[in-house]
Amino acid sequence: CGSGNFLYVTLEHLKRLEGEVLDQLHALGESQSRLGLEGETVTLQQLRGIELNERAAALAELVLWIGFLQWHIRTFGNASVAEPVVHDYGNIDHRDAVLAYDGVVPMRDAAGAVVTRWDGVSFKVHPVTGEQVPDEAAQVPQWTYVNPRQAVWPAADFIVGNPPFIGNKRMRDALGDGYVQALRGVWTDMPESADFVMYWWQRAADCVRFGLTRRFGLITTNSLTQTFNRRVVDRALAEVGAGGEAGQAVALMLPNTQKSGAGLPRPVAGKLSLVFAIPDHPWVDSSDGAAVRIAMTVGQRSSTNASGRLLYAVEEQVRDDGEANVKLIEQAGLIHANLDLRINTSGLTELVANRGVAFTGMYPLGQGFVLLPQDASKASAGNDEADVLKPFVTARDLTQQNRHAFVIDFWPREEHVVRRDYPALYQWVLTRVKPERDLNPVEERRRNWWLFTRPIPPLRNALSSLRCYIAVPRTAKFFSFQFVSPRTVPDTSVVAIASDDSFHLGVLSSQPHLVWARETGGTLEDRPRYQHKLTFNSFPFPSDDTGLTPALTDRIRQLAEQLDAHRKARQAAHEGVTLTGMYNVLDKLRSGEALTAKDKLIHEQGLVSVLRTLHDDLDTAVLDAYGWGDLRVALADHTPAGAEARAGAVETLLERLVALNAKRAAEEAAGTVRWLRPEFQLRQRGGDQASIETGDEEAEAAHAAAPVAAVAPVAKRPWPTGLPEQIKAVADVLTHTPAAQGLADLEARFTARGRWRERLPVILDTLEALGRARRDAAGWRAA
C-alpha cells in the first residue's frame, strides 16, 4: 500500500473521512518502519480525486493537507515539517466524473428557438382553485453538450468514493434534459433505468475487471439491490472475454487514449468478485441531514468466484446527533449481485406460466385526478359518471387507514368526448391538472393532459373479467396480499395481481412466498420492496408435481378467504386498526416479546391471536402442497432461541424454490406450461403482453418506436436436434431478420421432418419470458 495510488471519485464527505485518513496514514507509517520500507514514501500525491463543485474541490485539497500534516507531526514531530508546508499538487480535479464535454450551448428546437422548461421551483396562485400551481413564466434554458464523451479517470490502484444519490426518475429534473441525453448517449451500455450512482459503479468495476485497478469500494444507496440497478451489478459479475470490448473499455478508462487508441494493451476482462458488502446501513446525509439507507460494496478481480465478507445490520440505536450506532454480524461466502450469500437471483427464470398476471399499478401524474370523498361531490355533477370516477388505492391505503379515495379515469376517451359527456369532471381536471401538465417536458404528457400517463391496457384487460383481484404494496414492512374490487384503480405504489382465485391469494400470503419475496426483491430505505418481475414472475407455485391435491387446494382457498375476511372485518369494526399495526403485534407474539398497552389494545381489537392461527394453518397447508412439511416447525419458530434453526430452514426453503424454478423453466422449454389463468393467458398469447418495466416510460416508448436496421437475410438451415440448440436457432433468426416473423415465416427458415413445428410456439414464449423476443401485431421480433 505504501506505493499505491488512491482515487476519491467524490469528496463531498471528506471532512467525515478526515479522521479515518489520519488513522490509515499513521498505520501506513508504522508498517513502513516495522518492515524496513523507509524507501517507500506516503505523500498526498497518491491521493487523487474528482469534484464538480469548484469550492468543494479547493476545500477537499486543503482538508487533505491538514490531515496529512497532522499525521506527519504526530508521527515525526514538528521539526520534520519541510517548507513550503503546503504544496499545490492539484490532487483534486475540478470537473465532472462521468461526462466530459467541450462546452455547452443553448438547446434549440427545429425552428431555431431556444428550448426552455419550467424551473421546477416557482409557483403562483391559481385564480380558480386558490392553490399553488407551476408558474409558466419561470423558464430556464436547456443546454446541448458539445462533443460529449465518457470522462477519463486518473490511473489508480484503489478507487473509493461516495457518488451522488440521484434516482433515474429525478435525473432530468436535477441535471437537465441536455445533460441526461448526453450522458445516456455516450454510456450506451448503461440501462436508462439505472440510478446516477451506477455510472460510477460500472466505471470502477470495469477498471478492476480489466486489471487497471486493484480494488474499488463505493458507498451507494441501498437501491443497488433493486432490479433496475442490479442489472449493472449482474453484468459486471459475469465473466467477459478479451477482444474489441476489452480494447474499447481500456481506451475509455486510461488517460490520453480516447482519440488515437494507439498502443493500447489487449487485456482479458477478468472475473469481478465482491469481497466485502453491507447491503443495508443507516446514513445521515451531510448536505441536508436527511436519514437515508446505503449499501457498501468492495470489488476485486479474481480468476474464480472469490469468497467475500458480508455484513448485516442487526441492531441500530439512533444517537442524539442523528447518527446511529450499528451492530453488525458477519458471514463469509460468495456474494451475489443481490448482496446475499444464499440465493443468486440473477440465475432465476421468469416463468411463462406467470406472465401477464402481475403488474405495477397506474400513474395518474397529477394530484387533481385523485379525489377524497369530500372532494368527489364537488367535482362530480352527479350524473352517469361511475364509469370514469373509480375507487383508487395506494400502498398506504392498504397498510394504514384507507382514505376511500376516487380517481378520475378518462382513458381511453378523446378530449372532446370527455368535455361533452363529463363536463364537471372535465373542468375539475382542466383547472387542477392541466397547468402542471402544460409544463411537463414530455410532449405526450402535455398533449394528452386529461389522461393518466401509465394507463396500462394489459392490466385493464387482465382485470376486466374478474370478480376481484389481489393487491399488495410495492414497498412495506409487511407484504399483505388482499382482494380488492375489480373497479379499483391501483396506484403505482401497488402491485396488482390479476387473479380472483383464493388459492393464489393463499399461496402468496404463506411463508414460502413471503420468504421468497423478501430474498428476491430489493429494498427502499429500510423496507422490503415487492418487485413482481423478479419476485412474482419467477415464483414456482405448488402443483401436482409437488404433491398438491384437490383437498389441499380447497383447504388453501378456505384459509385464504378466512384470512382476508378476518382482517377486513376487524378494520371495519375498529377505525384505528391497521394491517401494519396488526402485523407488528403478530411479530411480537411470534417472538415472545412483551406487548405494550397499545399493543394489547390492537391485539384485542384486531383479534391478532386468531390472525396468527390462520397464518399458521395456511403455512402448514402450503408447505404440504410443496411436500416440504419437514420445514414447518423451524419456519414457525420466530423466537431468539430458534433463530439458528429458522435461518437454516429459510436457506433450505430458498434452495428448493430455486431448484423448482429451474425445473419449471426446463418443463416450459419442453412444452409443458402450468398456467396460472389458463383460459385468459392462452387467449392473450396472440395479443399484447406486459412490457418489461424499466421505470422510464420515455425510454420504453423510444425503444418500441425505434426502427430495425436492415441486415442480410438468414439462410435456410436444418432444425437442430437438442432443445437448447433449437432455442438458440430461433433466437438467431429473430436477431438477424429485420421484419417481424410469424409462425409460418419461422417454419420456412428450417428444414426437418416430423412434428418439430409444434414446439415453435413454446420456444417463442420462452424467448419472450427471457426477454429475448417480443410480439407485436406483425409477428415476432428480437427484443
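Described below are features of the structure shown in this document. Values in this document were obtained by computation on a predicted structure and should not be read as measured data.

## Things to note about the side chain of T431
Inspection of the secondary structure puts T431 in helix α11 (residues 423-432). With a relative accessible area of 11%, T431 lands in the buried category. Separated by 3.2 Å, the side chain of T431 and the backbone oxygen of W428 make a polar contact.

## Some points on the sheet that holds strand β22 (residues 469-473)
Spatially, the 4 strands line up as an open sheet ordered β18-β25-β22-β23, and their pairing is antiparallel. Each edge of the open sheet is held by one strand with a lone partner, namely β18 (358-360) and β23 (482-484). This sheet shows a mean twist of 35° between the axes of neighbouring strands, independent of strand direction. As paired elements, β22 and β23 share 3 bridges and run antiparallel to each other. Paired with I470 across the two strands is F483, which belongs to β23.

## As for the sheet that holds strand β20 (residues 389-393)
Overall, mixed pairing links the 4 strands, which are arranged β19-β21-β20-β24 in an open sheet. Each of the sheet's edge strands pairs with one partner strand only, and the pair in question is β19 (370-371) and β24 (489-490). One ladder, built from 4 bridges, connects β20 with strand β21 (residues 405-408); its direction is antiparallel. In the sheet register, L389 faces β21, and the bridge partner there is I408.

## Some remarks on the packing of aromatic side chains
Per the stated rule, a full pass over the model turns up 23 aromatic pairs. Geometrically, the ring pair formed by W71 and F76 is edge-to-face, given 6.0 Å between the ring centres and 85° between the ring planes. The exposure class of W71 is buried, given its relative accessible area of 4%. On the basis of an interplanar angle of 85° and a centroid distance of 5.3 Å, the ring pair of W118 and F123 is categorised as edge-to-face.

## With respect to the pattern of salt bridges
Opposite charge on two side chains allows them to pair when their charged atoms are near. Under the definition given, this model contains 29 salt bridges. Taking the shortest distance from any N to any O, the salt bridge between D409 and R460 comes out at 2.8 Å. Within this pair, whereas D409 is found in the loop between β21 and α10 (415-421), its partner R460 is found in helix α14 (residues 457-463), the two being separated by 51 residues in sequence. Take D409 and R460: they sit in the same class, and that class is buried. Among the charged side chains, a network of salt bridges with common partners joins D544, D545, K663, R664, E667 and R674.

## Quick look at the environment of V673
Position of V673 among the secondary structure elements: in the loop between α22 (643-670) and α23 (678-683). Taking the C-alpha atoms as reference, V673 lies 8.6 Å from V762; in sequence the two are 89 residues apart. For V673, the contacting residues outside a window of four places in its chain are V352, A353 and E668.

## As for the packing of helix α18 (residues 579-591) against helix α19 (residues 597-606)
Across the interface, α18 lies against α19 with an axial gap of 9 Å and an inter-helix angle of 110°. Taken together, the axes of α18 and α19 lie roughly perpendicular to each other. Contact with α18, carried on its side by G581, M582, V585, K588 and L589, involves D599, I602, H603 and G606 of α19 and no other residues of that element. Taken together, the residues of the contact of α18 with α19 sort by class into 4 nonpolar, 3 polar and 2 charged.

## Side note on the nonpolar core
Counting 58 residues, the largest nonpolar core has F481, I497, Y530 and F536 as the members making the most contacts within it. Setting aside anything within four residues of it in sequence, one finds F481 in contact with I470, A471, V472, I497, L505, L508, S509, H513, L514, Y530 and R567. Counting residues in each nonpolar core, the second largest holds 43 residues, with I159, W187, A295 and A337 among its members.

## A few points about unusual backbone geometry
Residue P412 follows W411 across a cis peptide bond; omega there is 0°. Secondary-structure assignment places P412 in the loop between β21 and α10. One non-glycine residue, L339, adopts positive backbone phi at about 55°. Along the chain, L339 turns up in the loop between β17 (324-333) and β18. Classification of L339 as buried rests on a relative accessible area of 2%. The residue H404 is not glycine, and still its phi comes out positive at about 55°. Secondary-structure assignment places H404 in the loop between α9 (395-399) and β21.

## Describing α22
The end-to-end C-alpha separation of α22 is 41 Å, in line with the 40 Å expected for 28 residues at 1.5 Å each. Looking one or two places after α22, you find G671, whose phi comes out positive at around 115°.

The rules we used
Residues numbered from 1 in each chain as written. Predicted model: local features only at pLDDT ≥ 70, side-chain atom pairs only at ≥ 80, totals over all residues. Heavy atoms only, no water. Helix = DSSP H or I, 4+ residues; strand = E, 2+ residues; numbered from the N terminus. Buried < 20%, exposed > 50% of the residue type's maximum accessible area, 1.4 Å probe, protein only. Polar contact = N/O pair within 3.5 Å; in protein donor to acceptor, adjacent residues only side chain to side chain. Pairing = 2+ DSSP bridges. Axes fitted to C-alpha atoms, helices over the stretch in contact; angles between N-to-C directions. Phe/Tyr/Trp six-rings, centres within 6.5 Å; stacked < 30°, edge-to-face > 60°. Salt bridge = Lys/Arg side-chain N within 4 Å of Asp/Glu carboxyl O. Contact = heavy atoms within 4.5 Å. Parallel < 35°, antiparallel > 145°, perpendicular 65-115°, else oblique. Nonpolar A, V, L, I, M, F, W, Y, C, P; charged D, E, K, R; others polar. Core = buried A, V, L, I, M, F, W, Y, C linked by side-chain atoms within 4.5 Å. Expected span 1.5 Å × (residues − 1).

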